[in-house]
Amino acid sequence: MRRGSCVIGYDGAVRSGVCLSLLIVLWALGTSAGHAQVPAAGPLASLHVVVWLFGDADGEFLLRLQGQTVDLPVVLQPEARDSPIHTRDVRLRQAQERAGSDRAVVYREPLPGGGMRVCLFYKQRIFARDLSEPNAASGGGLGASAAVESAALILRSAFRALLAGEALGSGVEETLAKSAADDAGRSNTPDRPMLRGFFAALKWQLGIDGVSPQAGHALGLSAGFVAERWLVRGALLVGIPALVRDALSVVALSRHQLSISAAWVPVSAERLRLQLALSAGLCGYLRATQEVDPSYEAAAPRLLPALCLAPQLGLWLRPTLRLPLFIELEAGADVLWGQPRLGYVDGASFREHTTLWPLQPVWSLALLWIPSARAKNTQAKQTARLPAPVSASHRRGLYGD
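Residues numbered from 1 in each chain as written. Predicted model: local features only at pLDDT ≥ 70, side-chain atom pairs only at ≥ 80, totals over all residues. Heavy atoms only, no water.

Visitor: Can you walk me through the overall build of the chain in this structure?
Guide: A tally of regular secondary structure across the chain gives six helices and 17 strands. Within the chain, the proportion of its 401 residues that are buried is 36%. Residue pairs in contact within the chain that sit at least 24 positions apart in sequence constitute 66% of those at least 6 positions apart. By element, 63% of the accessible surface of the chain is carried by carbon and sulfur atoms, the whole surface being about 22600 Å². (Helix = DSSP H or I, 4+ residues; strand = E, 2+ residues; numbered from the N terminus. Buried < 20%, exposed > 50% of the residue type's maximum accessible area, 1.4 Å probe, protein only. Contact = heavy atoms within 4.5 Å. Areas by Shrake-Rupley, 256 points an atom, 1.4 Å probe, with all protein chains shown as cover.)

Below you can see the structure in the form of structure tokens.
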């Protein structure tokens with residue numbers, strides 16, 4: 001009986017081991033089958049990308065991007081759009097609307113200091129890389145080609161990361177908050193082109209000399225060189241005759257002037273400039289007798305010279321930034337040495353009738369043309385519209401491939 005019980009115990013142990021082995025195999029097969037039926041949630045099978053094209057320059061960018069993604073499960077959808085004149089925040093909001101939940105949006109935008117920014121928007125995150133080129137002007141076509149190739153390489157690496165299930169870039173709201181802070185910082189230090197170059201002006205001047213009934217008027221030309229905080233100029237004025245009358249005669253008197261001046265500009269803004277100037281020159285008063293009492297003989301016309309020194313306060317106003325035109329308003333006071341005297345000669349004596357004031361208030365109005373102002377504004381507009389060429393040696397944040 002003991003031997004039989006031992007045989008029965010042995011058979012039970014064998015059967016229990018076989019059953020346990022079968023259960024382990026079935027569990028392993030079931031687990032493997034379950035994993036085979038449920039795909040991984042991270043990696044993507046394919047990626048649909050909308051590529052915004054803002055001009056002819058982006059056509060080359062699209063070709064390079066197609067070449068870099070030919071071996072990737074990436075579907076590129078070109079989409080032509082207007083020139084990117086909107087702010088970065090507006091473009092980001094538009095990309096957010098266009099991408100939705102299953103697409104990516106790719107575009108390029110110019111940088112204020114030159115170069116460009118490559119942007120990739122996907123699933124409420126923005127991935128951006130800046131590419132700059134300090135010597136873009138010397139790079140020519142090679143620099144532009146290298147820039148486009150660099151942008152395509154950056155996006156290829158970003159696409160591979162997205163296909164692998166990685167998250168790139170920053171959140172939309174975080175990016176907008178940072179952009180707002182950057183804009184506030186730039187508003188405190190405005191970036192505007194400096195005013196510098198040669199200029200020409202048409203000028204009208206009015207001066208109170210103490211003799212002319214309706215004051216003295218003159219028309220002329222002015223030219224010089226202007227910088228952000230100073231200017232130098234020369235002026236030539238031709239006077240309009242004024243009739244000076246008394247009981248014995250009528251005399252035509254006009255003031256002509258050749259002067260140079262220098263100015264300091266304490267206030268210089270885009271549309272307004274305030275300047276303090278000092279002018280020195282030679283004034284010539286042309287006197288010509290029109291009518292005279294029969295008891296006197298009319299004197300021949302004569303140019304009476306005088307030296308003039310004038311402190312001046314000037315204001316420049318720019319009505320529109322589209323034209324390089326400025327309106328100049330100026331006020332000053334001419335200090336004269338050797339001012340003319342008008343009178344009559346009786347034998348060997350001179351009987352003075354009137355003398356011009358030694359200190360004469362002067363006002364002027366001028367229209368200035370500064371060609372360099374137009375050139376700088378045009379260049380600023382072109383920089384805002386077109387991305388500057390860059391080279392691959394200056395790219396930042398490039399993923400390894």
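Visitor: Mind showing me how you'd approach the pattern of salt bridges here?
Guide: One pass over the structure, following the stated rule, counts 14 salt bridges. We note a salt bridge from R255 to D334, for which the minimum N-O separation is 2.3 Å. On the criterion of sequence distance, the pair formed by R255 in strand β11 (residues 249–268) and D334 in strand β14 (residues 325–337) is long-range, its members being 79 residues apart. The class for D334 is buried, based on a relative accessible area of 4%. Each of R91, E109, R117 and D130 takes part in one network of salt bridges that share partners. (Salt bridge = Lys/Arg side-chain N within 4 Å of Asp/Glu carboxyl O.)

Visitor: What should I look at first to understand the packing of aromatic side chains in this one?
Guide: The geometry of two aromatic rings is summed up by the distance between their centres and the angle between their planes. By the definition in use, this model includes seven aromatic pairs. Both rings, one in F198 and one in F225, keep their centres 5.0 Å apart while their planes meet at 75 degrees; by these two values the pair is edge-to-face. Placement of F198 in strand β7 (residues 197–207) and of F225 in strand β8 (residues 216–226) is noted, with a sequence separation of 27 residues between them. Between F199 and W316 the ring centres are 5.9 Å apart and the planes differ by 75 degrees, which places this aromatic pair in the edge-to-face class. (Phe/Tyr/Trp six-rings, centres within 6.5 Å; stacked < 30°, edge-to-face > 60°.)

Visitor: Looking at this model, I keep getting lost on the side chain of T69. Mind explaining?
Guide: Checked against the element boundaries, T69 lands in the loop between α2 (57–68) and β2 (74–80). For T69, a relative accessible area of 4% puts it in the buried group. Among the polar contacts made by the side chain of T69, one reaches the main-chain carbonyl oxygen of L65 at a distance of 2.8 Å. Excluding residues that lie within four positions of it along the chain, T69 makes contacts with V74, L76 and F159. (Polar contact = N/O pair within 3.5 Å; in protein donor to acceptor, adjacent residues only side chain to side chain.)

Visitor: Help me understand the side chain of R233 in this model?
Guide: Summarising the element assignment, R233 is placed in strand β9 (residues 230–240). A distance of 2.7 Å separates the side chain of R233 from the side chain of E328, its partner in a polar contact. When residues no more than four places from it in sequence are discounted, the contact partners of R233 are F199, A201, S222, A223, G224, S259, I260, S261, Q275, E328, E330 and L368.

Visitor: Honestly, the environment of Q360 in this entry has me stumped. Any pointers?
Guide: You can see Q360 is positioned in strand β17 (residues 359–369). Taking the C-alpha atoms as reference, Q360 lies 5.4 Å from A333; in sequence the two are 27 residues apart. In this structure, Q360 is in contact with I208, D209, R255, Y285, G332, A333, D334 and L336, ignoring residues within four places of it in sequence. Within polar-contact distance, the side chain of Q360 engages the backbone oxygen of W357 at 3.1 Å.

Visitor: Can you walk me through the sheet that holds strand β5 (residues 125–131) in this structure?
Guide: One key point about sheets: their strands pair by backbone hydrogen bonds, in either a parallel or an antiparallel sense. Spatial ordering of the open sheet is given by β2-β1-β3-β4-β5-β6, a layout of six strands whose pairing is mixed. A single partner strand is all that each edge strand has here, and the edge strands are β2 and β6 (170–171). As paired strands, strand β3 (residues 103–110) and strand β4 (residues 116–122) are joined by seven bridges and run antiparallel to one another. Bridging across to β4, A104 finds its partner in Y122. (Pairing = 2+ DSSP bridges.)

Visitor: What is the right way to read helix α3 (residues 88–99) from this model?
Guide: Every α-helical turn comprises 3.6 residues, leaving residues that sit three or four positions apart pointing alike. Relative to the 16 Å expected for twelve residues at 1.5 Å per residue, α3 spans 16 Å between its end C-alpha atoms, a close match to the ideal helical length. Listed in full, the buried residues belonging to α3 are R91, L92, A95 and A99. Projected down its long axis, α3 shows its buried positions confined to an angular sector of 100 degrees, all on one face. Remark: G100 follows α3 within two positions and exhibits a positive phi of approximately 65 degrees. (Expected span 1.5 Å × (residues − 1). Arc of directions from axis to C-beta.)

Visitor: I keep staring at the pairing of β4 and nothing clicks. Help me out?
Guide: Remember that side chains alternate between the two faces of the sheet whenever the strand is regular. Burial of β4 is extensive: seven of the seven residues sit out of reach of the surface. Of the two faces of β4, both are covered, the one formed by M116, V118, L120 and Y122 as well as the one formed by R117, C119 and F121. What sits between the antiparallel neighbours β3 and β4 is a turn of five residues, in which G114 has the positive phi angle 105 degrees. The pairing of β4 with β5 spans seven bridges and is antiparallel. Following the sheet pairing, M116 is matched in β5 by L131.

Visitor: Help me understand the pairing of β5 in this model?
Guide: What sits between β4 and β5 in their antiparallel hairpin is a turn of two residues, with K123 showing a positive phi close to 50 degrees. Across two bridges, the pairing between β5 and β6 is antiparallel. Residue R125 lies in a different strand from β6, and its bridge partner there is G171.

Visitor: In this structure, what is going on with a nonpolar patch on the surface? I would like to understand it.
Guide: Where nonpolar side chains cluster on the molecular surface, the patch consists of L202, W204, L219, L221, I240, V267, L272, L317, I327, L329, L365 and L367 and spans about 980 Å² of accessible area. Broken down by secondary-structure element, the contributors of at least two residues to the nonpolar patch are β7, β8, β14 and β17. Take L317: it is sitting in strand β13 (residues 302–317). (Patch = residues over 30% accessible without salt bridge, like charges linked within 9 Å, V, L, I, M, F, W, Y side chains within 5 Å.)

Visitor: Explain the confidence of the model for the chain to me, please; I cannot follow it from the model alone.
Guide: Of the residues in the chain, 75% reach a pLDDT of 70 or more, and the chain-wide mean stands at 79. When the criterion is pLDDT under 50, residues 1–8 qualifies, and its contacts beyond four places in sequence or with other chains add up to zero contacts. Per-residue pLDDT stays below 50 along residues 134–139; that stretch engages in two contacts with residues further than four places along the chain or on separate chains. (pLDDT = per-residue confidence, 0-100.)

Visitor: Teacher, can you tell me more about the nonpolar core here?
Guide: The tendency in soluble globular proteins is for nonpolar side chains to be buried as a group. Of all hydrophobic cores here, the largest spans 30 residues; its most connected members are V49, L120 and F159. With eleven residues, helix α4 (residues 136–163) is the largest single contributor of residues to this core. Among all residues touching L120, those that are not within four sequence positions of it are A104, V105, V106, R125, I126, F127, L155, A158, F159 and L162. (Core = buried A, V, L, I, M, F, W, Y, C linked by side-chain atoms within 4.5 Å.)

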